[in-house]
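# Observations on chain architecture
Residues per chain are reported as follows:
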Amino acid sequence: MIYKIQATSQGHFTRVQHYLLYSARQKPHGEFNKARWLYFGCSQLLVHTVRMPDSTYGRSDSYRVATTQDKADRSPKKKKGGTKDMDDLKKEVPITEHKMSIEEVCRKFNTDIVQGLTNAKAAEYLIRDGPNALTPPPTTPEWVKFCRQLFGGFSILLWTGAILCFLAYAIQAATEDEPAGDNLYLGIVLTAVVVITGCFSYFQEAKSSKIMESFKNMVPQQALVIREGEKVTINAEEVVGGDLIEVKGGDRIPADIRVVSAHGCKVDNSSLTGESEPQSRSPDCTHDNPLETRNVAFFSTNCVEGTARGIVICTGDRTVMGRIATLTSGLETGKTPIAKEIEHFIHIITGVAVFLGVTFFILAIILGYSWLEAVIFLIGIIVANVPEGLLATVTVCLTLTAKRMAKKNCLVKNLEAVETLGSTSTICSDKTGTLTQNRMTVAHMWFDNQIHEADTTEDQSGASFDKSSVTWLSLARVAGLCNRAQFKAGQDSLPILKRDVAGDASESALLKCIELSCGSVRAMRDRNKKVAEIPFNSTNKYQLSVHETEDPNDNRYLLVMKGAPERILDRCTTILVQGKEQPMDEELKEAFQNAYMELGGLGERVLGFCHVLLPEDQYPKGFAFDTEDVNFQTDNLCFVGLMSMIDPPRAAVPDAVIMVTGDHPITAKAIAKGVGIISEGNETVEDIAARLNIPVSQVNPRDAKACVVHGTDLKDLSQDQMDDILRNHTEIVFARTSPQQKLIIVEGCQRLGAIVAVTGDGVNDSPALKKADIGVAMGISGSDVSKQAADMILLDDNFASIVTGVEEGRLIFDNLKKSIAYTLTSNIPEITPFLFFIIVNIPLPLGTITILCIDLGTDMVPAISLAYETAESDIMKRQPRNPARDKLVNERLISIAYGQIGMIQALGGFFAYFVILAENGFLPSRLVGIRLNWDDRSTNDLEDSYGQQWTYEQRKIVEFTCHTAFFVSIVVVQWADVIICKTRRNSVFQQGMRNKILIFGLFEETALAAFLSYCPGMDVALRMYPLKPSWWFCAFPYSFLIFVYDEIRKLLLRRNPGGWVERETYY
Amino acid sequence: LRKGSSSEWRDAFWNPRTHELLGRTASSWGLILLFYLVFYLFLAGMFVLTMYIMLLTLDDYKPTWQDRLATPGMMIHPKGDQLEITFSVSETESWDRFTQTLNTFLSPYNDSYQVQMNDNCPPDQFFIQEDSGEVRNNPKRSCQFNRSMLEECAGISDRFYGYSRGQPCVLIKLNRVIGMLPGKNGQSPYVTCGAKREDGDKLGPLAYYPPNGTFNLMYYPYYGKKAQVNYTQPLVAVKFLNASVNTDINVECKINSNTLEAGSERDKFAGRVSFKLRINHT
């Protein structure tokens, strides 16, 4: 399904119930029941997927509608770009063998229906066609991966900076006798930063891919083939076209085969078509479409039960599965949203840098500098704009988030994909679990002709009914006994609601409810020994078990049953009211119906419960209950009550929904309605037509918010029509979609500017997974192909992790903004000294080394610590960001960082600079225009404002002390900056200072600054000098001003939402 | 498509429909520029205020810190080009500029001027002029340093300072540092010059003026240019009597004092001065 993530709407679940209520009134009974069962079945399916990933058996209870498809799928009309090969792969399967008779197939492959291939022929085919294995996707050589890390995205900016530095140094070296080494050092440092960060992210991703490798299935597969009349087990890789093959329940089918004979054979095609149900196979061609017909079984699908024999028609990459895998590995994927954002950021930074550079280049020329000097200045200014530390900061922030997600079993293969889920506006998934919390709980009960609210509090404080009621005790007994779920061992200390349960969702819900209200269910089960049991199945739609009674003197057996309420009711002749068994009359049936509908109307899954004490004369002690061939009474039971459960919808889960599934349209639509994907108020075109009793063609498609599209219709849609559907319907169901069509849907959504996440586990999902902005695969149940194609893997198959991913992604996006705002701010106090050096000819206030100490030293930890900042508001209630408007770095951020806070910081630094020079004898008035003499090595009697004379080295020490003081001042103003960057809207007093890493960062940067200033030897190593204590306080007023200014700004921002302050300064 | 994108660019610059220049309307530009104007005026005000407060804390006569000037620097005159004094004895124009700068430099040292402006102080003792508490003893007097004290290098008897004869004079001065007392026990600091490294034998005999190359103690302490307006910096002249010709000679002169610390290894001009001398003679 495609979920458009929007603000949480608790409302949509109720809408579902209204729909159900409505449909129950409008439609004959049967329909309604089907719908209910669909819901039930669908959730069961989910449970199975989550709890028993390898089992594909239990999905037997959903309702299936056979549709007839007249036309075989053909290629989608147009596909831009791509090679001919890719276009060919995007077409549907070209298999024709299913329409041939068995003899024709045999003739085609020179094989025999009884004897199979001769060994010689098989060997010949094997040489001709190659082994029956999927070609692994071409692996990128390690050095290419490494280079990608080295030259991708942000690194380019730093490389450019480094090259410019070397260029400037070359110019200086060519024109001056003793060129200043600054540009050379800066170039080297920039190169080092890029290389180190590149290595870091390379190893980070290499670690993820190592985990990936462990997924690879190492066990070679076997296949049973008949060659020259003998059954031999060979390696599946050696199977060739024309081989006669036998498969039985539990086998994985080794190649695409044309079935020639079958006995009760069912295959699970879910990984290929997405159909949740095992499908029977037989030799007859039932459909033109090879994917639909029953006489073809596909490579790597599972045979669930029965046996079949067939002729191999395709092997290896030519199989349906192989084509999908090849298509997947051939797909080009676009840039991740964060990569686009960083690109945009680089554009802005480059723009600012070039603007500043050119402006001051012109100024320098006007001021009479030589061309070469002006060019050096130009390069210097451009390079000074490069935030050296940001690449490392961003990488570390993303890594931290990736680690945090890995802890929650969310493995991110590509670092940049960490953020993508947060930007996701559309999730495509065929799993309803993404919608709900997957935490089924009992919500209501109906007994004694009354609806009671279930008490789900741990201390049972919310009891709303009399717990001593005989009916309730009976109901609890049935719910506890007729229940296969049990608590996993060793959780006695945990609160009941938090314990893990082995069993399906609704049974777990019942178990917890009974455990909470009636005490240990295990004890109850021990007292009532189970003697027989019929588990739930789709034909009965009930579950029953037979127990001994608690009373040792009572030798009767107790039969308990639960299931679909109407089915249970059909089997009951009496009903328990106030502890008394009463005949089921029309009045009580009516009451039951009302209760059922009311509970169903609340969108809850309703189960009916009944029991009976089997008469001792017919079923004496030791009676052999046969559950296969039911030899005991399963009707004339006594109805006890209803219990209804709800799986609460998740916060931040979609309101407007599209669904992409391999299921049939009717099934898909029913499921969609069942879980609220199509909500109550919204009708499809067909619904409107039915309601108004007019032909479908007369309905204005714009009236229908919801829409069900058959996969095969997709090929008839032009691109515009497709866009139209996606744009104009909020709730869309795509049913019966092939892998290729899923791909088209993803491409369609992306064309409309959506950032698309796809979840999937099957091979059929992998092209879409690859194409999506972020593909999420299942770690346990997912196929290797899907895991290869995905960017993120849910190691425990738990859908809750996706929500974690969304949350973490949004948080890291916000925090990266803060981090960048923080880092960029110090750019201004770093650039302005150089500008004033050029324009006013003062001694340089801040040198290259000190700039690097800030960017790569003191700024690092605080910038990274902002990644640990908690969200300011409920980020999950927010709309997903609009990638066109909501940029990581926008002009407002630049305006704040450069234009406002950065300027205050620069003043703080300059103040410290002037203080030191003045206290040493150079008053500001003396400084202006002093540069040439100041930097002249042979002038060793430079006069200060007091008439004293200075040697070159003496005044340079003062200058470097100024650099140190300027550096320390930046650290001081950055204290305030990191505190104001903690929040974008809230006051720091609302947000608090709970970020321990940030507090550590504050101390760390201060300690580092003190170390750099006072450590002996620093004067030689980095030319940093000890400061007088008073010089530390120069920037304090400016630091304070930053804090006060920004608090006032944020106050105005909160006071006037949408006001001028927000429009101009909210980044 | 290209047409569309170019008109997009034009729109981004000036959008005639919305009257937006670079994405902003006139009023929007006005507001933001006004904001920045006010904001920067405020910042400028704040900066001026803090600077003003800082300047108030400064002493007019003595800088707050002098720790970087513990060892005073030394400098030569004429400075030459990057401290290289190169000339040909026979080519007048090659040393003409040296004699001219020396003339200019020494004009305030003319005896007549010195006698008129400055005191004739008792030699070999500091000329201390204390302030009495808050009352400044200003302006402070200075001691005479007469040009004639440089004798051969005064440019009086030989107006070419020996350059015309291959016996150049180089003036050496000790940087002014407020309050510095460069000697004790009546012993004045004096300058000695020598050749560096292998140039030892090229240097030949030297003559120092005033005798022994001393900076007499009476010229110290220096009270700063505000309090001691007419301060005359003492000089030592070094005359190279018979330096080797047609070769580079690296000369280092240093101050010898019983109070001044030796300068750090890094500072080549603290308490010493190095220069290169080359006399060409055909």
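Residues numbered from 1 in each chain as written. Chains lettered and ligands numbered in written order. Predicted model: local features only at pLDDT ≥ 70, side-chain atom pairs only at ≥ 80, totals over all residues. Heavy atoms only, no water.

The test is simple: UniProt positions are given in the numbering used here, feature names are shortened, and annotations may be inferred rather than shown by experiment.
If you look chain B up in an unreviewed UniProt entry, it shows as Sodium/potassium-transporting ATPase subunit beta from Sander lucioperca. Regarding chain B, the UniProt comment filed under Sequence similarities (unreviewed entry) reads as follows: "Belongs to the X(+)/potassium ATPases subunit beta family."

An unreviewed UniProt entry lists chain A under the name Sodium/potassium-transporting ATPase subunit alpha, with Sander lucioperca as the source organism. Comment text from UniProt for chain A, heading Subunit (unreviewed entry), reads "The sodium/potassium-transporting ATPase is composed of a catalytic alpha subunit, an auxiliary non-catalytic beta subunit and an additional regulatory subunit." You can read under Subcellular location (unreviewed entry) in the UniProt record for chain A the words "Cell membrane".

### Description of the overall build of chain B
Filter applied, for reference: Helix and strand assignments come from DSSP, with helices taken as H or I runs of at least 4 residues and strands as E runs of at least 2, each series counted from the N terminus. Only C-alpha atoms enter the radius of gyration; for comparison, a globular chain is expected to reach 2.2 Å times N to the power 0.38, where N is the number of residues. With a 1.4 Å probe rolled over the protein chains alone, any residue whose accessible area is under 20% of its type maximum counts as buried; one over 50% counts as exposed, and the rest are partly exposed. We call two residues in contact when some of their heavy atoms are within 4.5 Å. Where accessible areas are quoted, they stem from the Shrake-Rupley method and a 1.4 Å probe; at the residue level, only the protein chains shown are allowed to cover. In this tally Asp and Glu are treated as negative and Lys and Arg as positive; neither His nor the chain ends contributes. Note that the charge is assigned to NZ on lysines, CZ on arginines, CG on aspartates and CD on glutamates.
When its secondary structure is counted, chain B shows five helices and eleven strands. Expected size for 282 residues packed as a compact globule is a radius of gyration near 19 Å; at 29 Å, chain B overshoots this value by more than 25%. Summarising its shape, the C-alpha atoms of chain B cover approximately 90 × 60 × 40 Å along the three principal directions. Residues classed as buried in chain B amount to 44% of the 282 residues present. Long-range pairs, those at least 24 residues apart, make up 76% of the contacts in chain B with a sequence separation of at least 6. When the accessible area of chain B is evaluated, it comes to approximately 14,900 Å², of which 56% is carbon and sulfur surface. Where the 30 positive side-chain charges of chain B centre and where its 28 negative ones centre are 6 Å apart.

### Quick look at helix α4 (residues 102-109) of chain A
Residue and element names in this part refer to chain A. Spelled out, the test is: Starting at the helix axis, one direction is taken to each C-beta atom, and the arc is that of these directions.
For α4, the complete set of buried residues consists of Val105, Cys106 and Phe109. The arc that holds every buried residue of α4, seen down its axis, measures 100 degrees, which confines them to one face. Pointing more than 90 degrees away from the buried face of α4 are the exposed residues Glu103 and Arg107. On the buried face of α4, the contacting elements are α5 (119-129), β5 (256-268) and β8 (302-314).

### Quick notes on the UniProt feature "transmembrane region" (unreviewed entry) in chain A
Residues and elements named next belong to chain A. Annotation from UniProt places "transmembrane region" (unreviewed entry) at residues 150-172, 184-203, 345-369, 375-398, 893-916, 957-976, 997-1014 and 1029-1045. Taken end to end, residues 893-916 has its terminal C-alpha atoms 33 Å apart, with 100% of it in helix and 0% in strand. When the span residues 957-976 is considered, its composition is 100% helix and 0% strand, and the gap between its end C-alpha atoms is 29 Å.

### Focus: the packing of helix α28 (residues 848-858) of chain A against helix α33 (residues 952-981) of chain A
Residue and element names in this part refer to chain A. Put simply, the test is: With axes taken as lines fitted to C-alpha atoms, and helix axes fitted only over the stretch in contact, angles between N-to-C directions fall between 0 and 180 degrees. When describing relative orientation, an angle under 35 degrees is termed roughly parallel and one over 145 degrees roughly antiparallel, while 65 to 115 degrees is termed roughly perpendicular and anything else oblique. Should the near helix be turned anticlockwise from the far one by less than a right angle, the crossing is left-handed, and should it be turned clockwise, the crossing is right-handed. Ten residue types, Ala, Val, Leu, Ile, Met, Phe, Trp, Tyr, Cys and Pro, are classed as nonpolar, four, Asp, Glu, Lys and Arg, as charged, and the remainder, Gly among them, as polar.
Running from amino to carboxyl end, α28 crosses α33 at an angle of 30 degrees, the nearest separation of the two axes being 9 Å. Between α28 and α33, the interaxial angle falls into the category roughly parallel. Read as a crossing pair, α28 and α33 show a hand that is right-handed. Residues Thr850, Cys853, Ile854 and Thr858 of α28 form the contact with α33, whose participating residues are His963, Thr964, Phe967, Ile970 and Val971. Looking at the contact of α28 with α33 residue by residue, the class counts come to five nonpolar, four polar and no charged.

### Digging into the sheet that holds strand β7 (residues 190-195) of chain B
Residues and elements named next belong to chain B. Defined as follows: Any two strands between which DSSP finds at least two bridges are classified as paired.
Across the sheet, which stays open at both edges, the four strands sit in the order β5-β11-β10-β7 with mixed pairing between neighbours. Looking at the sheet topology across the chains shown, the edges are occupied by β5 (84-88) and β7. Averaged over all pairs of adjacent strands, the angle between their axes in this sheet comes to 25 degrees, without regard to strand direction. Pairing of strand β10 (residues 248-256) with strand β11 (residues 272-280), which is carried by seven bridges, proceeds in the antiparallel orientation. The partner of Glu252 across the bridge, within β11, is Ser274.

### Describing a negative patch on the surface
Residues and elements named next belong to chain A. The test is simple: The patches described consist of residues with a relative accessible area above 30% and no salt bridge, like charges being joined within 9 Å and nonpolar side chains (Val, Leu, Ile, Met, Phe, Trp, Tyr) within 5 Å. Salt bridge, as used here: a side-chain nitrogen of Lys or Arg that lies within 4 Å of a carboxyl oxygen of Asp or Glu.
Together, Glu176, Asp177, Glu178 and Glu373 give the surface a local cluster of negative charge. Along the polypeptide, Asp177 turns up in the loop between α7 (154-175) and α8 (182-213). In this structure Asp177 comes out as exposed when scored by relative accessible area, which is 78%.

### Regarding the packing of aromatic side chains
Residues and elements named next belong to chain A. We apply this condition: Pairing of aromatic side chains requires ring centres within 6.5 Å, counting the rings of Phe and Tyr and the six-membered ring of Trp. Pairs whose planes differ by under 30 degrees are stacked, by over 60 edge-to-face, and all others tilted.
One pass over the full model with this rule turns up 46 aromatic pairs over all chains. Judged by centre distance (6.2 Å) and plane angle (90 degrees), the ring pair of Phe910 and Tyr913 falls under edge-to-face. With a gap of three residues between them, Phe910 and Tyr913 both fall in helix α30 (residues 891-919), about one helical turn apart. On the basis of relative accessibility, which here comes to 6%, the residue Phe910 falls in the buried class. Take Tyr913: its relative accessible area is 0%, and that puts it in the buried class.

### Structural notes on the interface of chain B and chain A
For the record, the criterion: When two parts are brought into contact, each loses some accessible area as probed by a 1.4 Å sphere; the total of that loss over both is the buried area.
The interface of chain B with chain A comprises 50 residues on the first partner and 47 residues on the second. Buried surface at the junction of chain B and chain A, summed over both partners, amounts to about 4,100 Å²; 58% is from carbon and sulfur atoms. Considering only the surface of chain B that becomes buried against chain A, B:Trp65, B:Arg68 and B:Arg266 emerge as the three largest contributors, covering 18% of it. Residues A:Glu1064 and B:Arg24 are paired through a salt bridge, measuring 2.8 Å at the closest nitrogen-oxygen approach.

### Considerations on the sheet that holds strand β3 (residues 24-25) of chain B
Residues and elements named next belong to chain B. The antiparallel open sheet is built from three strands, whose spatial order is β1-β2-β3. The open sheet has two edge strands, β1 (14-15) and β3, and neither has a second partner. In this sheet, strand β2 (residues 20-21) lies alongside β1 in antiparallel orientation, the contact comprising two bridges. Within β2, the residue paired with Trp14 across the bridge is Leu21.

### Concerning the side chain of B:Asn146
Residue and element names in this part refer to chain B. In plain terms, the rule: Distance and chemistry together define a polar contact, namely a pair of N or O atoms within 3.5 Å, with one atom able to donate a hydrogen and the other to accept it when in protein, and with adjacent residues in sequence counting only for side-chain atoms on both sides.
Within the secondary structure layout, Asn146 lies in the loop between α4 (111-117) and β6 (169-174). Exposure remark for Asn146: the relative accessible area of 15% places this residue in the buried category. Polar side-chain contacts of Asn146 include one of 3.5 Å to the side chain of Gln144. The contacts of Asn146, once residues within four sequence positions are left out, are Tyr109, Asp111 and Gln114.

### Structural notes on the environment of A:Lys407
Within the element layout of this structure, A:Lys407 appears in helix α13 (residues 390-407). Along the primary structure A:Lys407 and A:Leu795 are separated by 388 residues, whereas in three dimensions their C-alpha atoms are 10.0 Å apart.

### Considerations on the UniProt feature "transmembrane region" (unreviewed entry) in chain B
Within the UniProt annotation, "transmembrane region" (unreviewed entry) is assigned to residues 31-58 of chain B. Between the end C-alpha atoms of residues 31-58 of chain B the distance is 41 Å, and the span holds 93% helix and 0% strand.

### Comments concerning the pattern of salt bridges
Per the stated rule, a full pass over the model turns up 48 salt bridges over all chains. Here A:Glu953 makes a salt bridge to B:Arg266, at a shortest N to O gap of 3.7 Å. Of this pair, A:Glu953 sits in helix α33 while B:Arg266 sits in the loop between β10 and β11, which puts the two residues in different chains. Looking at A:Glu953, the relative accessible area reads 10%, which means it is buried.

### Focus on the pairing of strand β16 (residues 542-548) of chain A
Residues and elements named next belong to chain A. For β16, a buried count of six out of seven residues is recorded, marking the element as mostly surrounded by other parts of the structure. With four bridges connecting them, strand β15 (residues 530-534) and β16 associate as antiparallel partners. In the strand pairing of β16, Glu533 is matched with Ser545. Sheet topology places β16 next to strand β17 (residues 557-563); seven bridges connect them, and they run antiparallel. Among the inter-strand pairings, His547 is bridged to a residue of β17, identified as Leu558.

### Topic: the confidence of the model for chain B
All names here are of chain B. Threshold: Values of pLDDT, which run from 0 to 100, indicate the predictor's confidence residue by residue.
Confidence in the prediction of chain B, expressed as mean pLDDT, is 89, and 98% of residues score 70 or more. Looking at the elements of chain B, mean pLDDT is at its lowest for helix α1 (residues 2-13), recorded as 69, and at its highest for helix α2 (residues 26-56), recorded as 95. In the predicted assembly, ipTM is 0.94 and pTM is 0.76.

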